[in-house]
Amino acid sequence: MSKISIIGELWSFLRVRKKWWLAPIIVFLILLGALIVFTQGSALAPFIYALF
């Protein structure tokens, strides 16, 4: 199963079931994951991991 298919199914679920309150949570988790991935090799990594 491709990533595009998973995103499409998630979008369909949110639209059909009217679960719009899940959208900000999903966006926040994606941004948090991107922050951790992009700062993994930098000098900021110890400070970000200390937050959690």
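Only a predicted model underlies this, so the values are computations on that prediction, with no experimental measurement involved.

Caption draft 1: How the structure looks around the overall build of the protein chain. If you tally the helices and strands in the protein chain, you get three helices and zero strands. At 15 Å, the protein chain has a C-alpha radius of gyration far larger than the 10 Å of a compact globule built from 52 residues. Overall, the protein chain is about 45 × 25 × 10 Å in size when its C-alpha atoms are taken along their principal axes. Out of the 52 residues in the protein chain, the part that is buried amounts to 8%.

Caption draft 2: Structural detail: unusual backbone geometry. Unusually for a residue other than glycine, lysine 18 sits at a positive phi of about 60 degrees. You can see lysine 18 is positioned in the loop between α1 (3-17) and α2 (22-38). Residue classification places lysine 18 among the exposed positions, given a relative accessible area of 58%.

Caption draft 3: Structural detail: the environment of serine 42. Turning to its location among the elements, serine 42 is positioned in the loop between α2 and α3 (45-51). On the basis of relative accessible area, serine 42 is assigned to the partly exposed category, the value being 32%.

Caption draft 4: Examining a nonpolar patch on the surface more closely. A contiguous nonpolar surface patch, about 470 Å² in accessible area, is contributed by Trp21, Ile25, Phe28 and Leu29. Along the chain, the position of tryptophan 21 falls in the loop between α1 and α2. A relative accessible area of 55% places tryptophan 21 in the exposed class.

Caption draft 5: Geometry of the confidence of the model for the protein chain. Model confidence for the protein chain is summarised by a mean pLDDT of 81, while 90% of its residues fall at 70 or above. Within the protein chain, α2 carries the highest mean pLDDT (86), whereas α3 carries the lowest (71).

What counts and how
Residues numbered from 1 in each chain as written. Predicted model: local features only at pLDDT ≥ 70, side-chain atom pairs only at ≥ 80, totals over all residues. Heavy atoms only, no water. Helix = DSSP H or I, 4+ residues; strand = E, 2+ residues; numbered from the N terminus. Rg over C-alpha atoms; globule rule 2.2 N^0.38 Å. Buried < 20%, exposed > 50% of the residue type's maximum accessible area, 1.4 Å probe, protein only. Patch = residues over 30% accessible without salt bridge, like charges linked within 9 Å, V, L, I, M, F, W, Y side chains within 5 Å. Areas by Shrake-Rupley, 256 points an atom, 1.4 Å probe, with all protein chains shown as cover. Salt bridge = Lys/Arg side-chain N within 4 Å of Asp/Glu carboxyl O. pLDDT = per-residue confidence, 0-100.

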